Amino acid sequence: MGEIEGIYRALQTPGARLGAQPLAGVSTLEPGQAPSAGMTRIASRMQEKHFPLRVKLLDNSVEMFDIEPKCDGQVLLTQVWRRLNLIECDYFGLEFQNIPSYWIWLEPMKPISRQVRRPKNAMLRLAVKFFPPDPGQLQEEYTRYLFALQLKRDLLEERLTCTDTTAALLTSHLLQSEIGDYDETLDREHLKVNKYLPHQECSLEKILEFHRKHTGQTPAESDFQVLEVARKLEMYGIRFHKASDREGAKINLAVSHMGVLVFQCTTKINTFNWSRVRKLSFKRKRFLIKLHPEVHGPYQDTLEFLLGSRDECKNFWKICVEYHTFFRLFDQPKPKAKAVLFSRGSSFRYSGRTQKQLVDYVKDGVMTRTSYERRHSRTRMSGRALTTELPKQVTLGPAERGSSPLLSPVLSDAGGTRMDDEEEPKHKKLVRTNNIRKGTGADEAYFIAKEILATERTYLKDLEVITVWFRSAVVKEDAMPADLMTLLFSNIDPIYEFHRGFLCEVEQRLALWEGPSGAQAPGSHQRIGDVLLRNMHQLKQFTGYFHRHDEVLTELEKATKRSRKLETVYKEFELQKVCYLPLNTFLLKPIQRLVHYRLLLRRLCGHYAPGHRDYADCCDALNVITEVTSILQHSLVRLENLQKLTELQRDLVGIENLIAPGREFIREGCLHKLTRKGLQQRMFFLFSDMLLYTSRGVSGSSHFRIRGLLPLHGMLLIVLDPPVEESKSEWSVPHCFTIYAAQKTIVVAASTRLEKEKWMHDLNNAIEAAKSSGNTTLALPGSAVCIPPRRPSDEASLEQESEDDAHGTHSSSEGQGQHRANTTVHVCWYRNTSVSRADHSAAVENQLSGYLLRKFKNSNGWQKLWVVFTNFCLFFYKTHQDDYPLASLPLLGYSVSVPREADGIHKEHVFKLQFKSHVYFFRAESKYTFGRWMEVIERASSSPGKAGGPEA
């Protein structure tokens, strides 16, 4: 049985990689003396030990290598790298087939004769072994050329599955790289002889149409475009290994830089990130994944998959070990001590360099670069292309873990990417600079389109929380009734599938917009309205699905109350990192996304002049989405209220049936209540029929315990209370006001004058609405509680409780696990502020995603992060492809501004976030994105009031 541990061999010396010939010994023959017959026979036998071994290269040429079969695989690999003069060789390997359609990697540390059957007749082939997530990590132009050839092979072998349009686009870039600019006659002749796609004839016209737009694109630029398009596809670098799960269902296993992937056909249904995996092993045909305890709790932490044979199982395990070592480890770990008597498990270890070591090796210039030229095949000249120098890259460090920034607002500086002067590779920046003229009118439309793309990526990941992750959790435990499963996933699966296609279209359009063709023909692809109009019309067909989300949320809540098993799965799932918001929040995302489309289309229509070719499509798309959102507006309001009540039902202890007909959430926040022990911090919740106040549960608990309930019916209008606020009594505190309820009177204090005015405004409006409703009976949560009439002595009564009461006996559910500290309830508690229903509704439009550079605290370095802003909180990821955030930063109470001279920030597009002594600097890529980040953060942080700022 093997494990995921990795051990390295010593690295090759520079001399070995440069091709220094091994010493052959010293001749003892005299000048002119010929070898004897015996010596000739010996030499002949020695030659028989060597034979030519065939290797098929990525351009389909076949090279012969003279190899002794008893040699280790590394001997052959070294000869191949030397002949190709391949510097970034660790991304590649040699594969062979012992069984038809079953490819195996040649192991460097094992004799070739023990791996390859009949080596004289075998054909090995060069292939990409490790696919990095970003082609910018490939520093050599020649490496990118070979990667493009690998993707060409994958397209033809149907490994890189994609839409017909994407396949045609990739083929057109490959054509441009190989034969140069568009010529219809020559293109058709070339495509008759050379096959790029399995069913190429069907896509011929699309290929020609795309190729026509690549005029002037160099081979190097074409290769890079191939990689840019391909890396965004779900099947990029994926190699399937057929397996079945415990229930016998047929699945496909694969491995990537992120971890182990599980597919049903070509749909990814699960990802086991390396950070979640504690151990990988195999027993005969069984492949085992052992997860960390916090991922799935103390039980059923080992997942089991069955492969076709022991050899297939071991082969897949080896690939996992190599991928984990290459992408996750930085330096060579110390080798395991050799067992004295016997050892258990496989002795296989990865024997090459890690990606970090490879990057450092190329960066340090250890290998001598050989200049060469590469031209289009129409001018036919073979050889390596001239290497283009790129800025030195450093891979991101391991995922940063630690306490939430709410309690300790810091992201670790260790292991991050330092980009002092440049936040993106030169080749990307040059392409964009040549095609997007900064400061021109076309600039803003491009960045709005980029915002659509970035937020769509986040939205699709949010849908996957339900369609992939939550489905996997409930199916594994068989925790959800069949009718609810049908209701939930039949409503959200079609929406998810639609947006997968929509995202691909937007990505392709942006790739064309940013590509060289955009500069040659400014009107051809520098637009987005046609894509939006087509897809907004399709979204209109999903109106029925959107209407049923109210029913889905209601039925899910009912089923959770009925089934203890489903309730447990629900709560455990909410504690997983991938569920970075309350679970039912994700069910609101589809309708909220429609509102976001409306906002972005308004920006586009406001930007374009009426005569612009994109204007009409954008206006038509805006009309379509406005019609849909108008129809669904009432459903959205109802859904947001239902979601908030459901969330509070889980957070509050001592209350049942909070979800009642007609009850609406109005405001939640922190106030200080006057008790016999003085002012005590309390969390208040204002609804359309009552006011609740709570205290925090026991230390480490995530819940709030109900301390009092005041009905709004019969409550007096709240007014400024100068006698309490300005008197010289011992209770005199700033921003204090009195609430006269039907049964008692309480005195509370807000943190600022602004907070006080907000509470009084909402309370007075709620009291007036309760009066006009004429409903004199309070729909009490829980059992029928009789509220006695108010006694005169209660008017000035103080709450008779102590903090000891707040730490007394609680329900068992209160201590179950840790809660996410970035929900608005907990943020309001820590920041001493409040959030209203209007703030939550406005937050729907205050959402943004994209890459930002965060300044390190103690140096001039900057760290590139994918940042998602939603629910008043920033979530930080390494890349947009990550499944869960590394850290979060709630922004309630934060102020946003531009840096001052004293801050010492000498960069453009930098904004500053500050809450008390906590300060962060972030840098955007353009003036437009800088303005958008400032706008959404300022709206979110200032709307609830700057509780942590200066006194109002």
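Remember, predicted model here, so these are calculated numbers, not experimental data.

J.: Honestly, the side chain of Gln150 in this entry has me stumped. Any pointers?
T.: Here Gln150 shows up in helix 4 (residues 141-156). Relative accessible area serves as the criterion here: at 1%, Gln150 is assigned to the buried category. Those residues in contact with Gln150, other than ones at most four positions away along the chain, are Leu58, Ala127, Val128, Phe131 and Arg239.

J.: Is there a simple way to explain a nonpolar patch on the surface in this structure?
T.: A cluster of nonpolar side chains, Val62, Met64 and Met123, forms an exposed patch at the surface whose accessible area comes to about 230 Å². Note on placement: Met123 falls in strand 5 (residues 123-128).

J.: Any chance you could explain the sheet that holds strand 1 (residues 51-56) here in plain terms?
T.: Backbone-to-backbone hydrogen bonds join strands into a sheet, with any given pair of strands oriented parallel or antiparallel. Sheet architecture is open: five strands sit in the order 2-1-5-3-4, paired in mixed fashion. The open sheet terminates on both sides in strands that have one partner only, identified here as strand 2 (62-67) and strand 4 (102-105). If you compare each strand with its neighbour and ignore which way they point, the axes differ by 40° on average.

J.: Is there a simple way to think about the nonpolar core in this case?
T.: Inside soluble globular proteins, nonpolar side chains tend to come together where they are buried. By size, the foremost hydrophobic cluster in this structure holds 92 residues, and its most contacted members are Leu76, Phe92, Phe287 and Ile289. Ranked by residue count, the leading element in this core is helix 10 (residues 310-328), at nine residues. Membership of the second largest hydrophobic core comes to 84 residues, among which are Val465, Leu484, Leu487 and Ala559.

J.: Looking at this structure, how should I read the confidence of the model for the protein chain?
T.: If pLDDT is low for a region, its predicted coordinates should not be looked at in detail. On average, residues of the protein chain carry a pLDDT of 78, and 74% of them reach 70 or more. For residues 777-819, every residue scores under 50 in pLDDT, and the model assigns this stretch 79 contacts once sequence neighbours within four places are set aside. The model gives residues 943-952 a pLDDT under 50, and that stretch makes 36 contacts with residues more than four places away or in other chains.

J.: How should I be thinking about the packing of helix 22 (residues 615-651) against helix 26 (residues 824-831) in this particular structure?
T.: At a minimum axis distance of 11 Å, the contact between helix 22 and helix 26 shows a crossing angle of 65°. What the angle tells us is that helix 22 and helix 26 run roughly perpendicular. Of the residues in helix 26, those touching helix 22 at Lys644, Glu647, Leu648 and Asp651 are Thr824, Val825 and His826. Counted by class, the contact of helix 22 with helix 26 contains two nonpolar, two polar and three charged residues.

J.: What is the right way to read the sheet that holds strand 7 (residues 250-255) from this model?
T.: The seven strands are arranged 9-8-7-6-12-11-10 in an open sheet whose pairing can be described as antiparallel. In this open sheet, the two edge strands, each paired with only one partner strand, are strand 9 (267-273) and strand 10 (277-283). Here the average twist between neighbouring strands, direction ignored, is 30°. Helix 10 rests against strand 6 (241-244), strand 7, strand 8 (259-264), strand 10, strand 11 (286-291) and strand 12 (302-307) of the sheet, and its axis sits at about 155° to strand 10.

J.: Honestly, the packing of helix 19 (residues 549-562) against helix 20 (residues 564-574) in this entry has me stumped. Any pointers?
T.: Geometry of a packed helix pair, given as the angle between the helix axes and the separation of the axes. Across the interface, helix 19 lies against helix 20 with an axial gap of 5 Å and an inter-helix angle of 115°. One way to sum up the angle between helix 19 and helix 20 is to call them roughly perpendicular. Packed against helix 19, whose contacting residues are Leu556, Ala559, Thr560 and Arg562, the element helix 20 presents Arg564, Leu566, Glu567 and Tyr570 at the interface.

J.: What is the right way to read the pattern of salt bridges from this model?
T.: Under the criterion given, the structure shown has 41 salt bridges. Note that Arg534 and Glu505 form a salt bridge whose closest N and O atoms lie 2.5 Å from each other. Of this pair, Arg534 sits in helix 17 (residues 529-540) while Glu505 sits in helix 14 (residues 482-514), and the two are 29 residues apart along the sequence. Classification of Arg534 by relative accessible area gives partly exposed; the value is 37%. Its relative accessible area of 23% is what places Glu505 among the partly exposed residues. Salt bridges here are not isolated pairs; linked through shared partners, they connect Glu451, Arg603, Arg932, Glu935 and Arg939.

J.: Explanation requested: the pairing of strand 1 in the structure shown.
T.: Side chains on a regular strand alternate between the two faces of the sheet. As defined by bridge partners, strand 1 adjoins strand 2 across six bridges and the pair is classed as antiparallel. When the bridges of strand 2 are listed, Phe51 appears paired with Ile67. Here strand 1 hands over to strand 2 after five residues, with Asn60 in that stretch at a positive phi of 75°. Relative to strand 5, strand 1 is paired through three bridges, and the arrangement is parallel. Bridge assignment links Arg54 to a residue of strand 5, and that residue is Met123.

What counts, and at which threshold
Residues numbered from 1 in each chain as written. Predicted model: local features only at pLDDT ≥ 70, side-chain atom pairs only at ≥ 80, totals over all residues. Heavy atoms only, no water. Helix = DSSP H or I, 4+ residues; strand = E, 2+ residues; numbered from the N terminus. Buried < 20%, exposed > 50% of the residue type's maximum accessible area, 1.4 Å probe, protein only. Contact = heavy atoms within 4.5 Å. Patch = residues over 30% accessible without salt bridge, like charges linked within 9 Å, V, L, I, M, F, W, Y side chains within 5 Å. Areas by Shrake-Rupley, 256 points an atom, 1.4 Å probe, with all protein chains shown as cover. Salt bridge = Lys/Arg side-chain N within 4 Å of Asp/Glu carboxyl O. Pairing = 2+ DSSP bridges. Axes fitted to C-alpha atoms, helices over the stretch in contact; angles between N-to-C directions. Core = buried A, V, L, I, M, F, W, Y, C linked by side-chain atoms within 4.5 Å. pLDDT = per-residue confidence, 0-100. Parallel < 35°, antiparallel > 145°, perpendicular 65-115°, else oblique. Nonpolar A, V, L, I, M, F, W, Y, C, P; charged D, E, K, R; others polar.

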